[in-house]
Structures are given as structure tokens and as C-alpha cells.
Number of protein chains: 6
Amino acid sequence: MRVLLINPNTSEEFTNRIQEIANVYALPTTTAVAVNPKTGPRSIESVYDELLSSVGTLEVAISDQDQYDAFIIACYSDHPTIYALREITDKPVLGIAEASMYVACMLGYRFSIVTTNEEWEPLLWDAVRHYGLAERCASVRSTRMPVLALEENPEDTYDLILKTAEQAIAEDGAEVICLGCAGMAGLDKHLEKKLGVPVLDGVVCALKLLEGFIGYGLTTSKHRAYAQPGYKPLIGFSEVFQKVYRAPDQNG
Amino acid sequence: MRVLLINPNTSEEFTNRIQEIANVYALPTTTAVAVNPKTGPRSIESVYDELLSSVGTLEVAISDQDQYDAFIIACYSDHPTIYALREITDKPVLGIAEASMYVACMLGYRFSIVTTNEEWEPLLWDAVRHYGLAERCASVRSTRMPVLALEENPEDTYDLILKTAEQAIAEDGAEVICLGCAGMAGLDKHLEKKLGVPVLDGVVCALKLLEGFIGYGLTTSKHRAYAQPGYKPLIGFSEVFQKVYRAPDQNG
Amino acid sequence: MRVLLINPNTSEEFTNRIQEIANVYALPTTTAVAVNPKTGPRSIESVYDELLSSVGTLEVAISDQDQYDAFIIACYSDHPTIYALREITDKPVLGIAEASMYVACMLGYRFSIVTTNEEWEPLLWDAVRHYGLAERCASVRSTRMPVLALEENPEDTYDLILKTAEQAIAEDGAEVICLGCAGMAGLDKHLEKKLGVPVLDGVVCALKLLEGFIGYGLTTSKHRAYAQPGYKPLIGFSEVFQKVYRAPDQNG
Amino acid sequence: MRVLLINPNTSEEFTNRIQEIANVYALPTTTAVAVNPKTGPRSIESVYDELLSSVGTLEVAISDQDQYDAFIIACYSDHPTIYALREITDKPVLGIAEASMYVACMLGYRFSIVTTNEEWEPLLWDAVRHYGLAERCASVRSTRMPVLALEENPEDTYDLILKTAEQAIAEDGAEVICLGCAGMAGLDKHLEKKLGVPVLDGVVCALKLLEGFIGYGLTTSKHRAYAQPGYKPLIGFSEVFQKVYRAPDQNG
Amino acid sequence: MRVLLINPNTSEEFTNRIQEIANVYALPTTTAVAVNPKTGPRSIESVYDELLSSVGTLEVAISDQDQYDAFIIACYSDHPTIYALREITDKPVLGIAEASMYVACMLGYRFSIVTTNEEWEPLLWDAVRHYGLAERCASVRSTRMPVLALEENPEDTYDLILKTAEQAIAEDGAEVICLGCAGMAGLDKHLEKKLGVPVLDGVVCALKLLEGFIGYGLTTSKHRAYAQPGYKPLIGFSEVFQKVYRAPDQNG
Amino acid sequence: MRVLLINPNTSEEFTNRIQEIANVYALPTTTAVAVNPKTGPRSIESVYDELLSSVGTLEVAISDQDQYDAFIIACYSDHPTIYALREITDKPVLGIAEASMYVACMLGYRFSIVTTNEEWEPLLWDAVRHYGLAERCASVRSTRMPVLALEENPEDTYDLILKTAEQAIAEDGAEVICLGCAGMAGLDKHLEKKLGVPVLDGVVCALKLLEGFIGYGLTTSKHRAYAQPGYKPLIGFSEVFQKVYRAPDQNG
């Protein structure tokens, strides 16, 4: 099987890290390819960033759609392209936040998310609630460092992540830690040894879930929520975006 | 005061209708201007459509930002540009769905939303829950007609909207009806007479709320959720999008 | 338009303050009149106080009903006369607590309420839940001073309110502050400058919302929850209370 | 022990029925006395009715306070005098709606409430949610007959109650039926035989619970929510209402 | 009436304590008999313990079923035998946790549970949510002492319970304290004097509730959730367990 | 890796079916072994059945613990042995109900469960809520046939399952169907073709998830909820059950 991991920001360092991690954990029969869009913000820390990353991300996914069996949106958020892709394709699509949270629920009673800048706290609580997991989430804690500090200052940010996770365990009752940023990829097992509880990298969670989904022959439901978008004229976008719609005579 | 009403799709007919309605209800001291982006889908019926409409919508809002006191995203959804705009500006920003639902809660105990195609049902339930109003929402019912039927076939769609609203009142216990599509603008008072309960057009609700907010001197909170996005490099977008970010030395 | 602001306690000082605030913010076309009942407690700090204030409050509202277009119950609570008035009239009726909370949801992600004595904490959480806004409320914090301290000792109570709001912002993540007592009217803009986040006076919120509702021609729904009460004999009340009921032959 | 059952409306027929039922089920060591206020509406079908019944009901309770060990508010609602009385006294106080719903949760998984006029549906759903029992309530169904039809037309209303309860069991999955009006007192065992599931009269539920509470020596908590109301001047009410407050020097 | 109190662990000291408490509070017409199974763990602190205690507990209940009018499962948990017994019999069955929590809701606005070892915190939160009472529960706090410390070291554990309850009142806003372990039986009134708020022993709560249920003639609903289990072959259990099922020809 | 699938009932036909399905979907590197306890009921349709199946199920799991890397409880319920096993081992443990529901949430917006006898409806709603997924569950529908009809009368039950699933899709808005009984194993792909939406067999879902968990090196968290049970004397059980506890000197 072939999985496309789309890092929706334009940090190639993050993309490389995601590729390395995927290589470590993929089954021998899996080809995992990490890419990022050509346009958009270097990191994602707001809804504004999410939206500027969306068109480039969709373009990558649509263009390469036929060559892959499953798709991962490798940003730790309830990124709207997850849902747009599910509308476009019946192949399985996963975000790394949902993947890690559902896995966490099967390993412990309550999990905490350790993320980067403070603005992610309300955004990730929104995601938690959207997945229905408010009672299972012990806390969302941020290191209050920007995302790109993970590139620029890895040692200090590692220490902050460790300390923040320790607080989540001791003060909030977390039994599992979810790493709340794709840029934290690769830290999971180190932290796990220090913390004594499972630590989840959403990229690996999504990859392993999708290998299972494909192994079982699962597809995205095309009934109701993720039905293919109805035909309509589209201005200012290349043909690749237009042909995603149903044919004009197949509407509603 | 000056309010910018952005219809995020590219249907100029919808934009004109929104302008007409705004003209009817604006205070003498209010200048309301309806616009739509130059690019994007002609109607919005999916997350895919929302995302393709986002960049053009943001561009309109950012470009004209200094000339307006408040902004309306005139699509009946939890459109992500509402939140992106709140991050960008401290001027008040409203979506027409949230505006009509909060108003509905002050006029009756439970409201129903009457919308267009069936895919909107799960999307609007998501919005209802995001606003915290699940217990106040009696139902989300769709006419199962595509959005553009409102342009092409207004009589039949009017009859379907009426019938669907009657069912919401009789079977679901709705006490207020929210018109779940910007394209239904102008039907409210006709339907109200037939139905005997308040019928809300989200465009008018948002306009009247914002006139009140400006009259009271209210602004969007810039603490936490809607803080200005931190600086980062942005590829493939015009300078207008880059300058929205904080200065590079003001991160964190 | 004419709005009646009913302060349901018997503190004329509070009524005067409400009148002053309304004068500042009312549109030129709005006549806002603040009154209080002749009977009842001087302040409202319990359900017992609410009930003793209800008959006098209803009497004021019913007697002057024809001269006003909209009604405000100017006590920061889920005061039961809000609902009784909605049953009696189809003109819009707002409580100042609900008004400020719904407005807060459109300016930030989470709000806190700063109130007076500790007993208000459970009562206001009840109100928050009743409006469906539990997930949007960061905290309800009390200064632990009685309501009438706002009359007797304004400087100290101002300092306490400021300090309590600062805690709500720093420790609970509040992005908007709702002033949880009608007696705090007039403090909003001072606090806003100190705190750096929007601070809402419920009296002004309700007034501006109602100006919008009247401008849009909205009425209270008379279907189901707020239907006119059915006819029944009433003992020990003046004729004004009896004639509120439907005619005897219009029951059921 | 002595229990005061206050029917908050002015229907002596209802009061007599409540007295008879209490006589049937009271322990030999219990004296149960049913009374009603001298003023107020003949039946309670709205918040307006609740408020007009409150002052008379409180007066009865306060006047006779020393002669009783426990109090029942015998109206099937979340009647606000329940909470006012808990503030006034540390003796146990129960409403018949909460009593029957909590008992229902210990006899089956989900219960339905069968009530009178349609306006009670939203009011009782509010009560259900206030008690935290939304997931345990299968439905609130009304016979759509006014309360006083129980006096005037008992046979027809009995048939309607039976039919409505049958629908709740067959269509909504109710396992226990709560009779949603004090005027239905005495019908429980007849209906139980026909329906094959437990049928609860809230008056009996409240009486038996209070006998248990007194047997165990339980009191209402005076910490926080139900603390004695602080001192304040009260205008237009007899001395009996004023002396309920704390002494002036015991505020705060 | 005759009530069987089953302590599902094998600590005879706990059983004796339960018997003593029951003797103190039972009505003269009530015979309360405390027993424990012959097999199983000496204390219950985990789901594993619950399951090992279940077969012995069921055996006791089934064997003596005809001699009793009501049953109490005297372990402070959502013990699964509560539900199994309700399926087996139409006599009322109560767990001591649910009994104390529902009683707490009628005495104060929010309660806290003070329990033993830390693992009970998530288990009791599960129970709280299962009963629908999440909003009424201020906190679940553990002394972090194992259950059997109540036998071995009563003075120290008493001090810890007192201190933990004081924290729940001061920091979490608890208005009522539920003693979260059957082994705490007998401490309620001592703690109540120190704490100034009601303190509930679940054994007494369950006993007094059941006396009321029997006095009212209530039974467990046999419709849907607690229907008698359908016939099926059972291997490796004595005849007493097999005959609990419906007859083979009464399935479906 | 080696996975133990424990069918907790004593139907060898069900066990064989589970083994066959596991053989079809297991990775080449996975050895999946299906077993059932020697004692207990032939099918599980009630809490009583669950409890009678628990000791035998635990015995199987504990005895073979060292030979397996992961465990599946192959009963479509929130079977309590799932939690007991998580306390006993740090290897991953999954129930087939939770596995299929979390997978369903990643393939569609709302799922329905199609189960056997009516008593499962409340039990499975409890499970849905326990997993936090109430808003994602469109309905729990039963065919109203006993579990063993799946052995005895496969054609008719297949038709009923198909019809029930069609209703869930058409009337409740289900986008994914979860087969709510281990005995339905093998029907998924047939139904999927007829229904046009994904149909999930919980056995396969759990197997594929666990292959992913093991591939990622995940373990059950031993902090708080699933900590190893503390030492205590155990009466009437073989040594294998006693040695699961911590050593006596490692308590607390």
C-alpha cells in the first residue's frame, strides 16, 4: 500500500522528520511518502495559517490522488483539509490529532495533549470536543514556545515538553501523553522512558491505523457528511480543482 | 459606521440580494457594503467549497480592512474565515449562522434551521454544538435542493422551505426558524406570516448585532484564541497576506 | 422605540445608575426608562430575593406594557420574570446576564463572570448551563462582597473586582469579562483599559441587542414555551394580573 | 415527624387529594399535613403562574416553619420556592418532580414524564437537565389538556394519560412512568396494572424520601448555594418575610 | 420488611460494621441482614476485584432471594452486580454509591466523594457520569490509602478523611460529602460535626431509600434494560444460577 | 506477534467463526488464536451473562498471558474484563465494540450499531456514552432476535440485519454500520455491498488496531486507572488469580 503524508506547512525540515519517522514504523509492504505544499506558511499556529495552507495542501492531495491508497494530514489540529479530502475521495483520510486521541483512549482512561504556543489550547479543546472526547481529555497544556522553536532550539524545547508533560501527569491525572505538534515527531520514546506512561506521536498513530484500515479494505463513507461535492462553477482555480466536483447532471 | 458584508461565494446574484437586504435594515448612520471574492466556487455546500472560498474571502477582508468598522461573513455556516478574521483584526466579526442562532435563543426556547442540501445537516449540527447550543436546537432540516436552486427555481424552493419549516414546527417543536442559507435572504417576513413564529435571516441578525456592538464600542478580544498570528515566512501569497503577521521580533 | 429597564430590586441608586448608563448608549431614536418596583428587597442575592422581587417587577411591567416596545430585566441572573414576561407579551424581553454572555461568545472564545457574594457562583453556573454555554464559560468568580457594598464602599469593591478579573484572565483563560451585577454598571470601560480584554456591562448589551431586535421587527415566539398562560381563577391579586391570562374560552 | 406538603396553587380539591394520598402512605409515626396558599392561581401551567404562587407559598412555609421537620412543594415542576425554602431553613425540602425522577433512576434505566398542557414540555425538559438527568429521560409527553381538566373531566383525562404513557413505553423506550402533575395523585397503581411498568406519584416519592432523610438525621447543607440570605431592607412585605434574613451584622 | 445488605468483599469486619450501622438506622419494622460472599477478595479496589467478587455476591443474593424484599450492594462503586440483580429480580436493588449521590443532590447543589486509593478516582468519575450527575459532583478526592487501612489503622485514616473532606469543601466548593467506601461506615456524624456540612454514609442512604420504596410498593422495572435474561445453556455453574434464566420457550 | 482473541461465551461455533475471520485478515507476521472459557453462558445478552462469563474469561487470559502480545475481548459490549485485563497487564487490550466505534468515527460522521435482542439497546448506549461518542452515534437498533438465532437461523437473521441497517441509514442518518454482535462476524462485506456504506466487524477492527499498536510498540498505561491491583487476600480462587496482585509490600 502507498500512503501520502502531507505536512500542510512549508517547512521541509518538518517534512523530512515526518518521512524519517514513517520509514521507521511502516510495514515492509507500505510505501510512505511525506510531502508539503509549495505555498503557504512555514508553520501553522492559527486558523489563519490553516486556511493559507489549505489550497496548497488540497492541490498536492488531488494531483497525486490516484497513486495513493490513503492520506494523512500531518498537522496536529482538526485541520479542515481532513474533511475536504474525505469529500473528494473514498480512500481513508486521517489527521494526526484525531489518530493519536482515539489511540490514547484505548491505552488509558485520560490523556493530555502537550502543544506549543498558547493559542493552540482553545483550538485543540475545540478539536477534542469535536471528536467527542472532552471527558477523556485531562488537559491541553502548551509550552508557550512557537512551533518553529522546535527547529531552532531543540534542546530547550525538549526540556519544556518534558516538564509540561510531567505537570499534566502529576496535576491533571494524565495517563497517556499526546505530542501536540508534528514537529515533535521522534521525541516519543525518549519521553516515554522518562515519564513512565505511553507517549504518542500522531504521525505514527495515523500511519499504523491506516495500514490496518487498508488491510481490512475500509473506505470513507460517501453517504451524507462526506458525499462528493455537487457541481458548480469555480473561478480562479486550475482544472484539477474543478474536476473534483460531480458532473453537472449528477447534482442533488 | 461602515460594515463589510462578504459573501464568500462568487454568486453576484447572492451578493446583490445581501446588499438589498442590508439596505433595508441598516441604520441611517450605517453604510453596509456587500462584496464577494473574485475567485472561488459559485456556491458553498461542503468543506471543500469553504476552503476554496477562504483565500479570496480573506483577501477582500484584509485589503479593505481599514475602511470598515465591522465584518460579516455572509455564508450560513461555521465558516473558518470568521475565526481567521478575528485573529487578524480587533474589529468585531460575525458569521450569519452564529448571529441568527444566538438571536433565536433570546426569542424562543428552541429553534430549527431550514437549509438546502442534505450534506449541510451534519455540518450545521457541528456548528450548533460548537456554539454550545445543542439543547436549544430542535432540528436541522434540509430541503434537499442544491443552493443554486435558490437562483434558478425560486418558487419551488420557496414552497419547499415553507413545508420544511412547517414540519420543524409541528414535529420537532421549533419555536423560531433560522433560514439556513444566505441565498434565502428576503424570505423571512413572508414565511413569518405563514408560519406564525419568528423567522430569522442571519444577514439581518448579524448586521443589527454589529450596529449594537459598535454603538457600545466593543472589540474582539485579542487574548488567547484570537491573538494576532505570530510571525513566520509565507510562500506564494502577496504581501498583503504576509503583513498580517506580527513583526518577527514580537513572537512568543 | 421605547425600552423599559426594570431593576427588580428596590435600590433607587441602582436604578439611577442604570438610567445614566442607558442614556449614554441609547440611540437618539430610543427612549430608555429605568424603573424599579415599589416593593421587594433592596438587593438580590438569593432565590428568596428573586421571588420577593418578582410580583412587584411583574406589576411594573404589566402596568406599563403598552407604552414600551421592549423590556430588560436588569438583574444579573436568570431571573424568572424574564420568562414570565415572555409568556405575557410578544415584545422582546432580555435579561442582562443572557445578553452579556451571548455577546461575550461573539467577541472571544471563553468568558468569565465576576460577581459579588459567593452564593452567586452556583446560581450563575446554573444560568450558564441553562443558556447552553458551559463550555464557553472559563469561570464564575465572586469578590465575596455583598451586593450593597457597591453602594457603600465603591473604591474597595472596584479594586476587588479588578483583582478578581485579573485572576480570571491569568488563571482561568478568560478572554472576555462579564460584570456579574447590575450594580457594577459604569465600571466597564475603566476595567477594560486596565485588563486589556473586553469588559461587558449586561445593561448596555441588552439595550443594544434590543435596539437591533426592534430595528429588525423581531418578536418573542408565542409557540410552545412562551405561549400566553391559559385562563384560570386568580386569588388575591389585582385585576391587572388576572387579565394577563387568555380568555376563559380560549384555553387548551 | 411532621411533614408539611404545600400545594402551591389554590385548588383545594388538589390539596385534599394530596392529603388523602399522604394519609395512605405515611408511616404511623409521620404526621403529614397538606395545605395551600390563600392567594395565587388555581393551577400552575407557566412561569407566570409559578411566580404568582411563590409569595403565598413562602408565607405558608415560613409561618409554620417551627412546627414541621420537612417540607414538600407539591407541584410537578422545578418550582423556585424549593430553592428559596432551602435557603431559609436547614430542614430537608423536596419538590415532587425531582423526588420522582431520582427514584425513577433507581428502578429503571430511562423514565418518561406524562404531563398536562404542551407548555410543560420545555419547562420539564429544563428541570430534567437541571437535575442532570437528560440521558435518563426517554421523553416528556403531554396530554395537551389543561391542568384543571383533571378536576373537571377525570375519566377522559385518565384515558389520555394511559394512552400517552403507552406511547412513551412503546415508542420512546420508557421503563418507568412519572406522573407529571400533582393533580394526577391517586392514579399511579391503576396505571401500573395496565402498563406493566412502575408508575410514580411524586407526592408519595417525596414523602417516603423525607421520612428516610429524617430517619437518618439529614439536613439541607447551608454552605454556599443554600446559605441563609444576607440582611437587606425589604419593602412591602410583612415582618415574617424580613426576619428570614441574617441579622444585619452577620452579612458577608 | 427484610433487606439483605451484601458486602461483596470477604472482610467480615466490614460486614459487621455494616450490620451495626443498619441496626442503628433501620425502622422497627425492618429486618436488615448484612452478609458477605464466601469467596472473593478481602477488599475491592479495581475492576479485577469487582469481577472476582461478583459470582460469590450473586450466589448469596440468588440463594436467599425469596426471604428478602430488597437488596443493597454495599460497595461504594457502580458495582456490576447491581444491574445483574435488577435483571434477576423485580424487587428493588440499590448500590450504596448511587444511593448517596442522589440523596446528596437533594441536600445541596454540589457534592464531593472522599474515597481511599487513587485508582478509585477514575472509577468513581465513571459512576458519577453514569448516574448523570457530572455537573453536580464538585470532586472525587482520594486519601491515597488502601481500603484495608480502614481496618488496620483507623485513627490515621480518619484524620486523612477529615483533611481530604476539608479540602473538597474549601477548594472544590463541595456542599455535601459522600463517604466513598463502605469501610467508612460509622464516621458520618463525627465528620459532620467537624465539617459543618452533611456527610453521607451510602449504607444508611440505601437502607432508608429502600424502606421508602417498599413502603410505597415500588418494584424494579422489568421492561427493556432489566428484563429477565433469556434462556441459554450455562456451563460450570450450579443449578441455582441456571434457573435464573427464563424458561427455554419464553425467549424473544 | 501473537494475539489472543477471547470469545467470552461458551459457544464454540462463535469461537470458530472468530478464528476464521482472524485468519482472513491477520498479517502474515501475526498469529491470532481464538479461544473461549470452559465455563459460563453460551451467549451474552445481559449484565448477568457478562458477570458469569468474567471469571472463566479472566482465567484464560491470565493463564496464557505470557504467550501473547495483545488481547481482544470478542463480545460486542463494554465487557468489564476489558478493564480488568488492562489492570493485570501492560500489553494492549481491546474490546470489539470500542474498536469498531472509534474506527467508525474515522470513516464517517455518524455511525449506527445493529445488534440482536432489545436489552442490548440501553447497554450499548451506555457503552457509547462511556467512550464519549454519544454525538457520533446515530442510533442503536436491535433486530429483536436472541443472539443464538445467529447460529440457529442464519438466513432470516441476515435479512433482519440488512433491513435494520437500511432503516438506520435512511431514518437515522447513519453513514457507517457497526455490527453489534461477535456472532455477526463474516457478514460485513456482503452487507457493505447491499448498503453502500462501510460495515464494520469489531473483531477485524480490534485485530488490525492491535497489529498497529504492537507495530508502534504501544502499551497500556499503568498510571492511575489501570494500575496493577494492590495486594489483598483472595478466598476460593486458584493461585493464578492471587498472583495477579502486587506483592504485599508494594501496596499504596
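Relevant structure appears above.
Parameters and conventions
- Residues numbered from 1 in each chain as written.
- Chains lettered and ligands numbered in written order.
- Predicted model: local features only at pLDDT ≥ 70, side-chain atom pairs only at ≥ 80, totals over all residues.
- Heavy atoms only, no water.
- Pairing = 2+ DSSP bridges.
- Helix = DSSP H or I, 4+ residues; strand = E, 2+ residues; numbered from the N terminus.
- Axes fitted to C-alpha atoms, helices over the stretch in contact; angles between N-to-C directions.
- Contact = heavy atoms within 4.5 Å.
- Least-squares fit on C-alpha atoms with pLDDT ≥ 70 in both.
- Salt bridge = Lys/Arg side-chain N within 4 Å of Asp/Glu carboxyl O.
- Buried < 20%, exposed > 50% of the residue type's maximum accessible area, 1.4 Å probe, protein only.
- Core = buried A, V, L, I, M, F, W, Y, C linked by side-chain atoms within 4.5 Å.
- Buried area = accessible area lost by both parts, 1.4 Å probe.
- Polar contact = N/O pair within 3.5 Å; in protein donor to acceptor, adjacent residues only side chain to side chain.
- Nonpolar A, V, L, I, M, F, W, Y, C, P; charged D, E, K, R; others polar.

Notes on the sheet that holds strand E7 (residues 137-142) of chain C
Residues and elements named next belong to chain C. Judged by pairing direction, the sheet is parallel, and its four strands sit side by side in the order E7-E6-E8-E9 without closing on themselves. Both outer strands of the open sheet, E7 and strand E9 (199-201), are each paired with one neighbouring strand and no more. In this sheet, adjacent strand axes meet at a mean angle of 20° when their direction is disregarded. Where strand E8 (residues 176-179) lies against E9, three bridges are found, and the strand directions are parallel. Bridged to Cys-178 within E9 is Leu-200. Along the sheet, helix H7 (residues 154-172) contacts strand E6 (111-115), E7 and E8; its crossing angle with E7, the most-contacted strand, is approximately 150°.

Side note on the relation of the copies chain B and chain A
Each copy superposes on the other: chain B lies on chain A with an RMSD of 0.0 Å after a rotation of 180° and an axial shift of 0.0 Å. In symmetry terms, the pair is related by a two-fold rotation axis. Taking C-alpha positions as reference, the residue of chain B nearest the rotation axis is B:Leu51, located at 3.5 Å. Same-surface contact between copies: 98% of interface residues of chain B are shared with the interface of chain A.

As for the sheet that holds strand E2 (residues 31-35) of chain A
Residues and elements named next belong to chain A. The strand order across the open sheet formed by four strands is E2-E1-E4-E5, and the pairing between neighbours is parallel. Each edge of the open sheet carries a strand with a single partner, namely E2 and strand E5 (93-95). Between one strand axis and the next, the sheet turns through 20° on average, direction left out of account. One ladder, built from four bridges, connects strand E1 (residues 2-6) with strand E4 (residues 70-73); its direction is parallel. Residue pairing in the sheet places Leu-4 in a bridge with Phe-71 of E4. Along the sheet, helix H2 (residues 47-63) contacts E1, E2 and E4; its crossing angle with E1, the most-contacted strand, is approximately 165°. Strand contacts of helix H9 (residues 202-216): E1, E2, E4 and E5, with the helix running at about 165° to E4, the strand carrying the most contacts.

Considerations on the pattern of salt bridges
In the structure shown here, the tally under the stated rule is 90 salt bridges over all chains. Put simply, C:Lys232 and D:Asp49 hold a salt bridge, and the shortest N to O gap is 2.4 Å. Here C:Lys232, found in the loop between helix H9 (202-216) and strand E10 (234-235), pairs with D:Asp49, found in helix H2 (residues 47-63), and the two come from separate chains. One exposure class covers both C:Lys232 and D:Asp49, and it is buried. Across the pair E:Asp172 and E:Arg141 runs a salt bridge, and its minimum N-O distance is 2.7 Å. Taken together, the residues span a long stretch of sequence, with E:Asp172 in helix H7 (residues 154-172) and E:Arg141 in strand E7 (residues 137-142) at a distance of 31 residues. The same class applies to E:Asp172 as to E:Arg141, namely buried. Several salt bridges share partner residues, and in doing so they unite A:Glu118, A:Glu121, A:Arg144, B:Arg224 and C:Glu175 into one network.

Describing the nonpolar core
In this structure, A:Ile177, B:Ile177, C:Ile177, D:Ile177, E:Ile177 and F:Ile177 are the most contacted members of the largest nonpolar core, which totals 601 residues. Aside from chain neighbours lying at most four places away, what touches E:Ile177 is E:Ser112, E:Val114, E:Ala165, E:Ala168, E:Ile169, E:Leu195, E:Val197, E:Pro198, E:Val199 and E:Leu200.

A closer look at helix H3 (residues 80-88) of chain A
Burial of H3(A) is extensive: nine of the nine residues sit out of reach of the surface. A:Pro80, A:Thr81, A:Ile82, A:Tyr83, A:Ala84, A:Leu85, A:Arg86, A:Glu87 and A:Ile88 are the residues of H3(A) that are buried. The elements touched by buried residues of H3(A) are H2, E4, E5, helix H4 (96-105) and helix H5 (120-130) of chain A together with helix H2 (47-63) of chain B.

Things to note about the interface of chain D and chain E
Taken residue by residue, the interface counts 48 residues in chain D and 48 residues in chain E. Of the roughly 3900 Å² buried between chain D and chain E on both sides combined, carbon and sulfur atoms contribute 62%. It is D:Met106, D:Leu107 and D:Tyr216 in chain D that bury the most area against chain E; as a group they hold 21% of the surface buried on that side. Across the chain D-chain E interface, the total number found is two salt bridges. When the shortest N-O distance is used, the salt bridge between E:Glu175 and D:Arg224 registers 3.8 Å. Counting across the interface, chain D meets chain E through 18 residue pairs in polar contact (both at pLDDT 80 or more). Those elements that provide at least two residues to the side of chain D that touches chain E are strand E5 (93-95), helix H4 (96-105), helix H8 (188-195), strand E9 (199-201) and helix H9 (202-216) of chain D. It is H9(D) that contributes the most residues to the side of chain D that touches chain E, eight residues altogether. Split into classes, the residues belonging to the side of chain D that touches chain E amount to 27 nonpolar, eleven polar and ten charged.

By themselves, these figures tell us nothing about what the structure is for.
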